[in-house]
Amino acid sequence: MRPVTATITIDAPRERVFEAISDLAYRPAFCDHFAKEFHLQRLDSRGTGAAARFRAEAKRFPIWMETVVTEVDAPHRLIESGRGARADRMRTGTAWELVEGPGSTTEVTVTFWAEPENPVDAAKSKLGASRWYEKQWRKALRRLRDKLEGGEPLEPLVVAGASRAGL
């Protein structure tokens, strides 16, 4: 699948935007329209090693995916890698780049890619997966912008039974 990119300008300081995208617990607040059954893989949902698993609900190709934060360059860049599809046989990646704009604006660019290694996954990716993911990431960025500019608090996902005190 070819890499897909979505870009948006958000009227919020770069540090605030970076905080929202770098904490995987906030991800369902703006990605739940396509990332269903979102589960954190560890208690600390920020920083290198933070991980989550979710189901990407595409009509023709719904798959389970996992994402792990592999590189953090606050507040400029966040890199995630993961696996998806049946038996996690497809490598995936997500890169977030934040550029400070005029005033207190931030330009956010997200790039998502998948590397199907199996012929079945490669065939599915030719059936419109790139277009679908591009549309979903554009919508996610719009939802993030609306929440941050509107002053809406982002509701974090919590691990059941875990005490967040001390994290």
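The rules we used
- Residues numbered from 1 in each chain as written.
- Predicted model: local features only at pLDDT ≥ 70, side-chain atom pairs only at ≥ 80, totals over all residues.
- Heavy atoms only, no water.
- Core = buried A, V, L, I, M, F, W, Y, C linked by side-chain atoms within 4.5 Å.
- Buried < 20%, exposed > 50% of the residue type's maximum accessible area, 1.4 Å probe, protein only.
- Helix = DSSP H or I, 4+ residues; strand = E, 2+ residues; numbered from the N terminus.
- Contact = heavy atoms within 4.5 Å.
- Pairing = 2+ DSSP bridges.
- Axes fitted to C-alpha atoms, helices over the stretch in contact; angles between N-to-C directions.
- Polar contact = N/O pair within 3.5 Å; in protein donor to acceptor, adjacent residues only side chain to side chain.
- Patch = residues over 30% accessible without salt bridge, like charges linked within 9 Å, V, L, I, M, F, W, Y side chains within 5 Å.
- Areas by Shrake-Rupley, 256 points an atom, 1.4 Å probe, with all protein chains shown as cover.
- Salt bridge = Lys/Arg side-chain N within 4 Å of Asp/Glu carboxyl O.
- Lys, Arg positive; Asp, Glu negative; His and termini not counted.
- Charge placed at Lys NZ, Arg CZ, Asp CG, Glu CD.

1. Structural notes on the nonpolar core
Side chains of nonpolar character tend, in soluble globular proteins, to be buried together. Membership of the largest hydrophobic core comes to 47 residues, with the highest contact counts inside it found for Ile10, Trp96, Val108, Tyr133, Trp137 and Leu144. For this core, the leading source of residues is helix H3 (residues 119–149), giving eight residues. In this structure, Trp137 is in contact with Val4, Ala6, Cys31, Phe34, Thr94, Trp96, Val110 and Phe112, ignoring residues within four places of it in sequence.

2. Section: the sheet that holds strand S4 (residues 63–73)
An order of S1-S7-S6-S5-S4-S3-S2 is seen for the seven strands of this open sheet, with the pairing classed as antiparallel. Taken across any chain shown, the strands that pair with only one partner, and hence form the sheet edges, are strand S1 (4–10) and strand S2 (35–40). Recorded for the sheet is a direction-independent mean angle of 20° between the axes of neighbouring strands.

3. Some details on the environment of Glu57
Summarising the element assignment, Glu57 is placed in the loop between strand S3 (51–56) and S4. Remark: the alpha-carbon pair of Glu57 and Phe34, spanning 23 residues in sequence, is separated by 5.4 Å. Ignoring anything within four residues of it in the chain, the contact list for Glu57 reads Phe34, Lys36, Pro62 and Trp132. There is a polar contact of 2.9 Å between the side chain of Glu57 and the side chain of Arg55.

4. Let's talk about a positive patch on the surface
Where like charges cluster on the molecular surface, the positive patch consists of Lys36, Lys59, Arg60, Arg131, Lys135, Lys139 and Arg142. A per-element tally of the positive patch places H3 first, with four residues. Topologically, Lys135 is positioned in helix H3. Among the residues examined, Lys135 registers a relative accessible area of 53% and is labelled exposed.

5. Comments concerning the pattern of salt bridges
A full pass over the atoms with the stated rule returns twelve salt bridges. With a closest N to O distance of 2.8 Å, Arg27 and Glu80 form a salt bridge. With Arg27 in the loop between helix H1 (14–22) and helix H2 (28–31) and Glu80 in strand S5 (residues 77–84), this pair connects stretches of sequence that are 53 residues apart. Exposure class is identical for Arg27 and Glu80. Each is buried. Here the salt bridges share partners, and the residues they tie into one network are Arg2, Glu134 and Arg138.

6. Some points on the side chain of Thr92
Position of Thr92 relative to the elements: it lies in strand S6 (residues 90–100). Looking at Thr92, the relative accessible area reads 8%, which means it is buried. Discounting residues that sit within four places of it in the chain, Thr92 has contacts with Met65, Glu66, Glu80, Ser81, Gly82, Arg83, Gly84, Phe112, Trp113 and Ala114.

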